[in-house]
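Residues per chain are reported as follows:
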Amino acid sequence: MPKSKRDKKVSLTQVQKKGLELKQKLIEKIRDTVDRYQRIFTFSVDNMRNAELKSVRTTWKDSRFFFGKNKVMMFALGKSKEDEHQKNLYKVSAHLRGQMGLMFTNASEEDVLKYFNGLYIPDFARSGTTATQTVILEKGPMPDFSHALEPQLRQLGLPTELKRGVIHLMREHTVCEKGQVLNPEQCRILKHFGHKMADFHVTVTGIWNNTGKFKKIKQKQQSDRPESVRVKPKKKDEEVMEFEGGDDDDEEEENESDEEEDIDEDSD
């Protein structure tokens, strides 16, 4: 049935949509920021944590960060040589792929790379991320765990029993294997045992300066994590983990979605 021209939706709310207005303001801010800073660094974030990103912005309080939809940032910089805001900014736009951000700064390339190359902040892995190592729980008593947690641990799939008020892991249990996509239960187990598998890390992928020069930066993510780790039931005044295996690089994950909200992460 054809749609009637009289069929119009009438909104009863007084709140107006600000999507286009916000995008236009963001575009203006980015262009204004380009004119005020000497360099632009493109970056991606592994294991995004808002608190850690806020800490980075605080450290670089004289710089400015933009983290949002690539299409909006590309439009602000210019998608082609004809509509670019400054010389060769279209190359920066062409480099924005996946979940990426822009850092505007007057700091030197050496200082920026030195800081971010050493920035690895461990955190608990979240559901959907890839395990970077095999984690095995050793059998035995767990005196530092409250007896009230035993039913919860059993629901997570751990072979536990309560003996004289102390939780016992009845046999060796593999929580996850390297390369496996973690589910919520595995992440909860790792958190119960205090094992931080993920690293918040900012990878710098390119640099542009106000002379019009742009270059890509290739960096290999460094990791000193062993391939496999055996976790003992926690005892007071003892180390919790024993490591085995050699070093191996963490697997990098790329988020190819551009569906994030437009966010102007301003340190001013």
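Residues numbered from 1 in each chain as written. Predicted model: local features only at pLDDT ≥ 70, side-chain atom pairs only at ≥ 80, totals over all residues. Heavy atoms only, no water.

Asks: In this structure, what is going on with helix α3 (residues 70–77)? I would like to understand it.
Replies: Since the α-helix turns once every 3.6 residues, residues separated by three or four places project in the same direction. In terms of burial, α3 is largely enclosed, as six of its eight residues are buried. Elements that come into contact with the buried residues of α3 comprise α1 (19–36), β2 (64–67), α4 (89–95) and β3 (100–105). Phi for glycine 78, located one or two positions after α3, is positive at around 115 degrees. (Buried < 20%, exposed > 50% of the residue type's maximum accessible area, 1.4 Å probe, protein only. Helix = DSSP H or I, 4+ residues; strand = E, 2+ residues; numbered from the N terminus. Contact = heavy atoms within 4.5 Å.)

Asks: Before we go on, may I ask you to explain the side chain of threonine 105 in this structure?
Replies: If you trace the backbone, threonine 105 turns up in strand β3. One polar contact links the side chain of threonine 105 to the main-chain amide nitrogen of alanine 107, over a distance of 3.0 Å. When near neighbours in sequence (up to four residues on either side) are disregarded, threonine 105 contacts Tyr37, Gln38, Arg39, Phe41, Trp60, Ser63 and Val112. (Polar contact = N/O pair within 3.5 Å; in protein donor to acceptor, adjacent residues only side chain to side chain.)

Asks: Would you explain the state of the cysteines in this entry?
Replies: By definition, a disulfide is the covalent link that joins the sulfur atoms of two cysteine residues. Taken as a whole, this structure holds zero disulfides when the rule is applied. Cysteine 176 takes part in no disulfide bond, and the closest cysteine sulfur to it belongs to cysteine 187, at a distance of 8.5 Å. Its relative accessible area of 1% is what places cysteine 176 among the buried residues. Overall, cysteine 187 belongs to the buried group, its relative accessible area being 9%. (Disulfide = S-S within 2.5 Å.)

Asks: Could you clarify how one ought to interpret the pattern of salt bridges in this entry?
Replies: Any two side chains of opposite charge can pair, on the condition that their charged atoms come close. Across all of its chains, the model carries seven salt bridges by this definition. Residue glutamate 21 pairs with lysine 25 through a salt bridge whose shortest N-O separation is 3.5 Å. Within this pair, glutamate 21 and its partner lysine 25 are both found in helix α1, separated by four residues, close to a single helical turn. Since its relative accessible area comes to 39%, glutamate 21 is described here as partly exposed. By relative accessible area, lysine 25 is classed as partly exposed at 44%. Note that glutamate 172 is salt-bridged to arginine 230, the shortest N-O span being 2.0 Å. (Salt bridge = Lys/Arg side-chain N within 4 Å of Asp/Glu carboxyl O.)

Asks: Before we go on, may I ask you to explain the sheet that holds strand β7 (residues 160–163) in this structure?
Replies: Strands belonging to one sheet form pairs held by backbone hydrogen bonds; the direction of such a pair is parallel or antiparallel. Strand order in this open sheet of three strands is β6-β8-β7, and the pairing throughout is antiparallel. One side of each edge strand has no neighbouring strand; the edge strands of this open sheet are β6 (140–142) and β7. Strand-to-strand twist across the sheet, computed as the mean angle between neighbouring axes with direction ignored, equals 35 degrees. Here β6 runs beside strand β8 (residues 166–169); their pairing, made up of three bridges, is antiparallel. What sits directly across from glycine 140, in β8, is leucine 169. (Pairing = 2+ DSSP bridges. Axes fitted to C-alpha atoms, helices over the stretch in contact; angles between N-to-C directions.)

Asks: Where do I start with the pairing of β7 in this structure?
Replies: For a regular strand, side-chain orientation follows a simple rule: the groups alternate between the two sheet faces. Of the pairings in the sheet, the one linking β7 to β8 comprises four bridges and is antiparallel in character. Each bridged residue has a counterpart across the sheet, and for threonine 160 the counterpart in β8 is leucine 169.

Asks: Is there a simple way to explain helix α5 (residues 109–117) in this structure?
Replies: Looking only at α5, the buried set comprises Val112, Leu113 and Phe116. Each buried residue of α5 lies within a common arc of 95 degrees when the element is viewed along its axis, so the set occupies one face. Relative to its buried face, α5 has exposed residues pointing more than 90 degrees away, namely Glu110 and Lys114. Among the structural elements, β1 (39–46), α2 (50–59), β3 and β10 (198–209) are those in contact with the buried residues of α5. (Arc of directions from axis to C-beta.)

Asks: What's the story with unusual backbone geometry in this structure? I'm lost.
Replies: Among all residues save glycine, negative phi is the norm, and among peptide bonds the norm is trans. In this structure, asparagine 88 is a non-glycine residue whose phi angle is positive, near 65 degrees. Residue position: asparagine 88 is located in the loop between α3 and α4. In this model, arginine 164 sits at a positive phi of 55 degrees, which is unusual for a non-glycine residue. Mapped onto the fold, arginine 164 is located in the loop between β7 and β8.

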